[in-house]
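Summary of the model geometry
So the chains spell out like this:
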Amino acid sequence: MKILVAIKRVVDFNVRVQVKPDGSGVATDGVKMSINPFDEIAIEEALRIKEAGKADEIVVVTIGVNDAQQQLRTALAMGADRAILVESESEIQSLKAAHSLLHIVEKEQPGLVIMGKQAIDDDNNQTPQMLATLWKRPQATFVSKLEINEDKALATREIDAGLETIEIKLPALVSTDLRLNEPRFVKLPDIMKAKRKPLDVINIDETVAGFDDKELSIENYESPQPRQKGVMVDSVDELVAALKEKGLV
Amino acid sequence: MSKILILAQHDGSSINQGTSKAVTAAQQIQGASIDLVVFADDVSTIATKASKLAGVNTVHAVTTSNENWKLAQGIAPKIAELSANYSHVFGPSTTFGKDVMPCVAALLGQNQISDIMQVIDATTFKRPIYAGNAVISVSSNHDKIVATIRTASFKTGDMTSGSANIENHSIENTQTDTKFISLQAGNSERPDLQTAPKVISGGRGIGSEENFELMYKLADKIGAATGASRAAVDAGYCPNEMQVGQTGKIIAPDLYMSFGISGAIQHLTGIKDAGTIVAINKDADAPIYEVADIGLVGDLFKIVPELMEKL
Ligand SMILES: Cc1cc2nc3c(=O)[nH]c(=O)nc-3n(C[C@H](O)[C@H](O)[C@H](O)COP(=O)(O)OP(=O)(O)OC[C@H]3O[C@@H](n4cnc5c(N)ncnc54)[C@H](O)[C@@H]3O)c2cc1C
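Residues numbered from 1 in each chain as written. Chains lettered and ligands numbered in written order. Predicted model: local features only at pLDDT ≥ 70, side-chain atom pairs only at ≥ 80, totals over all residues. Heavy atoms only, no water.

Things to note about the overall build of chain B
Along its length, chain B carries eight helices and 16 strands. Its C-alpha atoms give chain B principal-axis dimensions of roughly 60 × 40 × 40 Å. Evaluated residue by residue, chain B yields a buried proportion of 61% over its 311 residues. Considering only contacts in chain B between residues 6 or more positions apart, those separated by 24 or more positions represent 65%. Where the 24 positive side-chain charges of chain B centre and where its 31 negative ones centre are 3 Å apart. (Helix = DSSP H or I, 4+ residues; strand = E, 2+ residues; numbered from the N terminus. Buried < 20%, exposed > 50% of the residue type's maximum accessible area, 1.4 Å probe, protein only. Contact = heavy atoms within 4.5 Å. Lys, Arg positive; Asp, Glu negative; His and termini not counted. Charge placed at Lys NZ, Arg CZ, Asp CG, Glu CD.)

Structural data, given as structure tokens:
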């Protein structure tokens, strides 16, 4: 079985992004970029499935700027076999991403597609579900445990009510939640080895022929409303008094 | 005029308040007419409950089989089909809505507006990005708007005095590639974290699953729900459904009391809409104090017992 992992280059989760003063976007110049944390988990899961002898090839794909090759190289260093950059200089929205990935899926014919449940920049949580729908295959979203049994997978999903288990027929798409696994660290020799692994670059236009994009327009960026400055109390008695005064206890 | 179809969420016995919050958001669109769609294997009882949501004209009650009502692939095609006569399709931004609505958007060839936090007008909305570090205004000039409604941003409305019409539907081609197996549900004795007016929340500072009992006891004392940081869930102190934050639950209780939580941005985005945030941490420089309304620096293992006594 082949596994396709789709990843995204995003501002590192440790960076506190700031809105530009003119409201045209967020400041990303010179900011550290990384693989979206959920996508790292997706790569790790694919590696574990392969290491368990249930997959023979892992292809990692990203849609992004030319520099996103760095994130693909990291994925290759983690252990993926091959990488594809779908190059797009402009930012694209979820539906176009899903259509572009569908093109790759149709070409690669994976038995399993694994993606992070959301990218921590847009926080959209859409592309995996859209891709599954366009591909007309089952989805298991927000997965914290995955078991592959020949032509089926048993997926445990983190949902509001607790843990839901569903069974999906392969080929299928899985989106990862945080507790699925802990991604490995890459070692230096693997980074060297990864430089020799194949990385193809194609232009996004080749993947979305005939697609009629219905883009949303983003009109303004602003900083969130700050909360009012609070007070510090020195004792439990003062805390209880403050809560009582507000009528909260 | 806006015609809005809202996906109702339920657990088999009652309508989730997220549905009502989505109705509240829809009512903020001028002159909107609002309908619901609800799915269940035995739909009539739950459809009757859905019809009690004030402000709703029609409930589309769709009968499913094999628990397909729980599955995105089981219901998305029908929602897309029903949405032919609507300008907007909304769902709550719960794990259920997040699972299903992008499928509907894809079937309709639309991008989705996720996590609407404010309605500007029928086609323009505000939503948070970057874990709430920025807010964008998004607008659509296409034939249909598909969106999820951030439940912490809207109030629960009247869920008992409505009298909507019920229209019955069924699904012809039931999918079989995805099967519901089981649900391991959390503790149902305490108030629901997503709707409780008071929440007691613990972080890594709690130190162990045994110590987390302190949080449960304090919560029971004041009738609160319990929450947690990701670190506490990852460490196995408490179950996953208690996680609050960017990738857990986004909540807006009147009172949020945090114990041994540092206040990472991914956690704070889940509590920013709380009425009063209380922080208890032994580190006076913890970022949680930047958002706290009332802060007390000290050892939680001394403070919690004293609170138990004095509350
Ligand atoms: C993609 C991504 C998504 C994430 N999503 C979420 C999310 O949804 N929710 C979430 O919470 N986190 C999330 N995180 C994790 C987040 O970044 C933090 O790591 C996490 O919130 C830290 O939890 P914590 O505050 O309990 O632990 P820590 O940061 O370790 O803080 C523990 C605190 O306890 C205090 N303490 C220790 N002992 C005591 C004592 N005896 N008395 C009083 N105080 C004490 C310490 O001073 C410290 O401030 C996410 C991270 C990533 C990368």
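So that's the structure; there's more coming.
Structural notes on the overall build of chain A
What chain A contains, in helices and strands, is six helices and 13 strands. The C-alpha extent of chain A, read off along each of the three principal axes, is 65 × 45 × 40 Å. Within chain A, the fraction of its 249 residues that count as buried is 56%. Long-range pairs, those at least 24 residues apart, make up 71% of the contacts in chain A with a sequence separation of at least 6. About 11,300 Å² of surface is accessible on chain A, with carbon and sulfur atoms providing 48% of the total. (Areas by Shrake-Rupley, 256 points an atom, 1.4 Å probe, with all protein chains shown as cover.)

Quick word on the site of the ligand
The full set close to the ligand counts 30 residues, and B:Arg204, B:Ser229, B:Thr247, B:Ser262 and B:Asn281 are the nearest of them. Around the ligand, the nearby residues trace back to chains A and B. B:Gln246 has a polar backbone atom sitting 3.3 Å from an oxygen atom of the ligand. One of the backbone N or O atoms of B:Gly248 is found 3.3 Å from an oxygen atom in the ligand. For the ligand, the protein covers 85% of the area, taking 990 Å² as the surface of the free molecule. Considering only residue class, the shell around the ligand consists of 11 nonpolar, 14 polar and five charged. (Near = heavy atom within 4 Å. Polar contact = N/O pair within 3.5 Å; in protein donor to acceptor, adjacent residues only side chain to side chain. Nonpolar A, V, L, I, M, F, W, Y, C, P; charged D, E, K, R; others polar.)

Regarding the pattern of salt bridges
Residues and elements named next belong to chain A. Following the criterion strictly, the structure yields 31 salt bridges over all chains and no others. The shortest N-O distance in the salt bridge between Glu44 and Arg48 comes to 2.7 Å. Residue Glu44 and its partner Arg48 are both found in helix 1 (residues 37–51); the two are separated by four residues, about one turn of the helix. Take Arg48: its relative accessible area is 37%, and that puts it in the partly exposed class. (Salt bridge = Lys/Arg side-chain N within 4 Å of Asp/Glu carboxyl O.)

Things to note about the side chain of A:Thr207
Residue and element names in this part refer to chain A. Relative to the assigned elements, Thr207 resides in the loop between strand 11 (199–203) and strand 12 (217–222). A polar contact is formed between the side chain of Thr207 and the side chain of Ser100, at a distance of 2.8 Å. Residue contacts for Thr207: discarding those within four places in its chain leaves Val86, His99, Ser100, His103, Ile104 and Ile202.

A look at the pairing of strand 9 (residues 145–149) of chain B
Two faces make up the sheet, and in a regular strand the side chains alternate between them. Residue and element names in this part refer to chain B. The buried fraction of strand 9 is high, at five of five residues. Of the two faces of strand 9, both are covered, the one formed by Ile145, Ala147 and Ile149 as well as the one formed by Val146 and Thr148. Pairing of strand 4 (residues 88–92) with strand 9, which is carried by five bridges, proceeds in the parallel orientation. Considered in strand 9, the bridge of His88 is made with Ile145. In this structure, strand 5 (residues 112–116) lies alongside strand 9, joined through three bridges in parallel fashion. Bridge pairing in strand 9 links Ile113 to Ala147. (Pairing = 2+ DSSP bridges.)

Describing the interface of chain A and chain B
On the chain B side, the residues contacting the 75 residues of chain A number 88 residues. Roughly 7,000 Å² is buried in total at the junction of chain A and chain B, and carbon and sulfur atoms are behind 53% of that figure. Its largest share of buried area at the contact with chain B, chain A owes to A:Asp160, A:Lys214 and A:Arg227, together 12% of the area lost on that side. Seen at the junction of chain A and chain B, the total is 10 salt bridges. The salt bridge partner of B:Lys126 is A:Glu222, with a shortest N-O separation of 2.8 Å. At the junction of chain A with chain B, the criterion picks out 49 residue pairs in polar contact (both at pLDDT 80 or more). (Buried area = accessible area lost by both parts, 1.4 Å probe.)

Considering the packing of aromatic side chains
Centre-to-centre distance and the angle between the planes together describe a pair of aromatic rings. All names here are of chain B. In the structure shown here, the tally under the stated rule is two aromatic pairs over all chains. Taking the centre distance of 6.4 Å and the plane angle of 85 degrees together, the rings of Phe90 and Phe125 count as edge-to-face. Here Phe125 lies in strand 7 (residues 124–129) and Phe90 lies in strand 4, a separation of 35 residues in the sequence. Of the two residues, Phe90 and Phe125, both sit in the buried class. Against the face of Tyr86 rests Lys3, its NZ or CZ located 4.8 Å from the ring centre. It is Lys70 that lies over the ring of Phe180; its NZ or CZ is 3.7 Å from the centre. (Phe/Tyr/Trp six-rings, centres within 6.5 Å; stacked < 30°, edge-to-face > 60°. Lys NZ or Arg CZ within 6 Å of the ring centre and 35° of its normal.)

Some points on helix 2 (residues 43–50) of chain B
Three or more residues of helix 2 of chain B are buried, namely B:Val43, B:Ile46, B:Ala47 and B:Ala50. Taken end-on, helix 2 of chain B shows its buried residues confined to a sector of 105 degrees, consistent with a single buried face. (Arc of directions from axis to C-beta.)

Digging into the domain arrangement of chain B
Residue and element names in this part refer to chain B. Once the domains are mapped, chain B shows domain 1 (3–170) and domain 2 (198–310). If you average the C-alpha positions of domain 1 and of domain 2, the two centres end up 31 Å apart. Counting from both sides, the interface comprises six residues of domain 1 and, opposite them, eight residues of domain 2. Counting the surface lost from both domain 1 and domain 2, the interface buries some 600 Å², and carbon and sulfur atoms represent 44% of this. Three residues stand out in domain 1 for area buried against domain 2, namely Ala131, Arg150 and Ala152, and they jointly supply 71% of the buried area on that side. (Domains from an automatic or database assignment.)

Brief notes about the sheet that holds strand 6 (residues 118–121) of chain B
Reading across the sheet, the four strands line up as 12(A)-8(B)-7(B)-6(B) and stay open at both edges, with antiparallel pairing between neighbours. Pairing within the sheet leaves two strands with one partner each, and these edge strands are strand 12 of chain A together with strand 6 of chain B. On average, adjacent strands in this sheet sit at an angle of 30 degrees to one another, irrespective of strand direction. (Axes fitted to C-alpha atoms, helices over the stretch in contact; angles between N-to-C directions.)

Notes on the environment of B:Tyr256
As for its position among the elements, B:Tyr256 is in strand 14 (residues 255–259). Here B:Tyr256 is in contact with B:Val199, B:Ser201, B:Val244, B:Ile251, B:Ile261, B:His267, B:Ile271, B:Ala274, B:Thr276, B:Ile277 and B:Val278, once residues within four sequence places are set aside.

As for the sheet that holds strand 2 (residues 33–40) of chain B
Residue and element names in this part refer to chain B. Strand order in the open sheet formed by seven strands is 5-9-4-1-2-3-10, and the pairing between neighbours is parallel. In this open sheet, the two edge strands, each paired with only one partner strand, are strand 5 and strand 10 (165–170). Neighbouring strand axes in the sheet, compared pairwise and without regard to direction, differ in orientation by 25 degrees on average. Examined bridge by bridge, strand 1 (residues 3–7) and strand 4 share three bridges and lie parallel to one another. Bridging from a neighbouring strand, Ile4 pairs with His88 of strand 4.

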